[in-house]
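# Per-entry structural report
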Amino acid sequence: MNIQYPSRIVCLTEETTETLYLLGQGDRIVGVSGYTVRPPEARLKPKVSAFINAKFDKIEALKPDLVLAFSDLQADLVAELVRRGLNVVVFNQRSVDEILQMIAMLGGLIGCQQEAEQLAGKLTQGLERIRESASRFPARPRVFFEEWDEPLISGIRWVEELVAIAGGTPIFPELQNAGLARDRIVDPAEVARRDPQVIFASWCGKKMRKATIQSRPGWDATSAVRDDRIFEIKSTYILQPGPASLTEGVEQMHAILARVQSS
């Protein structure tokens, strides 16, 4: 008996698209998010969604046998697609371990379990190499990761975990397990009080403005602003809970923190 695995897949977020390509299954993808940039050839696929809205008729016309979505933020999209009779799988990964689990689960869904486990293993090895390199740092700088500017939002769990792997010390460890953005809103005065030595900013799809950060009341006294250690990490590399953040995102932060050690 030949099991028919999904062959026409729509991905409503970036990370499942990239994962499928890394598994050598990009040809199965028939629709992607408009935010997709990795790999570049994925942008040639029909764009069927943003993050919280989608072109339902266009998705239906593609006749997908599987739609992949992410998190509570896409719950309304998922509900409509289910009402239209489509198969939908929603992942909700919030930690590094859960990202690796998502990759393994996706592999099982499409009949590529072994390849997915190999990919997860390769990503894990890469993280361990960075962790080992960071262990040789003479100090671990205090880091504030800024996910949004107004209101001010601290980094989501996988981001904070990657900051630690890269060699930094997140200044809001008590918020690491807060999955919802509204639960990670922080007082700018409290950020200044905790005196970050490095600020990473990734404003969820819009360009970071260093002047905005520098001009906040009291922030001129923080080590990060005083020493001009404010760095943008583009959201596609770090706020995507998939391979990009476990490779390019963490590598960029590690390289910056290594430079900070020597300056």
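Quick note: structure is the one above.
Reference entry: report on the structure contained in this document. It should be emphasised that the depicted structure is a prediction, and the values quoted were computed from it without experimental measurement. (Residues numbered from 1 in each chain as written. Predicted model: local features only at pLDDT ≥ 70, side-chain atom pairs only at ≥ 80, totals over all residues. Heavy atoms only, no water.)

Further remarks concern the overall build of the protein chain. When helices and strands are counted, the protein chain shows 11 helices and 10 strands. The C-alpha atoms of the protein chain give 19 Å as radius of gyration, which agrees with the globular expectation for 263 residues (18 Å, within 12%). Based on the C-alpha atoms only, the size of the protein chain along its principal axes is roughly 65 × 35 × 30 Å. Burial statistics for the protein chain: of 263 residues in total, 52% are counted as buried. (Helix = DSSP H or I, 4+ residues; strand = E, 2+ residues; numbered from the N terminus. Rg over C-alpha atoms; globule rule 2.2 N^0.38 Å. Buried < 20%, exposed > 50% of the residue type's maximum accessible area, 1.4 Å probe, protein only.)

Moving on: helix H5 (residues 113-134). Here H5 is 22 residues long and its end C-alpha atoms lie 32 Å apart, about the 32 Å a rise of 1.5 Å per residue gives. Listed as buried for H5 are Ala116, Leu119, Ala120, Leu123, Gly126, Leu127, Ile130 and Ala134. Within H5, the buried residues cover an arc of 120° as seen down the axis, which keeps them to one side. Projecting away from the buried face of H5 at angles above 90 degrees are the exposed residues Gln114, Lys122, Gln125 and Arg129. Taken together, the buried residues of H5 touch helix H1 (14-22), helix H4 (96-109), helix H6 (157-166) and helix H11 (243-262). (Expected span 1.5 Å × (residues − 1). Arc of directions from axis to C-beta. Contact = heavy atoms within 4.5 Å.)

So, about the packing of aromatic side chains. Counted by the stated rule, this structure contains 3 aromatic pairs. A ring pair is formed by Phe144 and Trp219, whose centres lie 6.2 Å apart and whose planes are at 80°; its orientation type is edge-to-face. In this pair, Phe144 is assigned in strand E6 (residues 142-149) and Trp219 in the loop between helix H8 (210-214) and helix H9 (223-226), connecting sequence segments 75 residues apart. The burial state of Phe144 is the same as that of Trp219; both residues are buried. Where Phe200 meets Phe231, the ring centres are 6.3 Å apart and the plane angle is 45°; that geometry is what we call tilted. Taken together, the residues Phe200 in strand E9 (residues 198-201) and Phe231 in strand E10 (residues 230-232) connect sequence positions 31 residues apart. Given the relative accessible area of 0%, Phe200 is considered buried. Taken together through their ring pairs, the aromatic side chains of Phe144, Phe172 and Trp219 make up a single cluster. Positioned above the aromatic ring of Trp148, the side-chain terminus of Lys206 is 4.3 Å from the ring centre. The ring centre of Trp219 lies 4.6 Å from the NZ or CZ of Arg216, which sits over that ring. (Phe/Tyr/Trp six-rings, centres within 6.5 Å; stacked < 30°, edge-to-face > 60°. Lys NZ or Arg CZ within 6 Å of the ring centre and 35° of its normal.)

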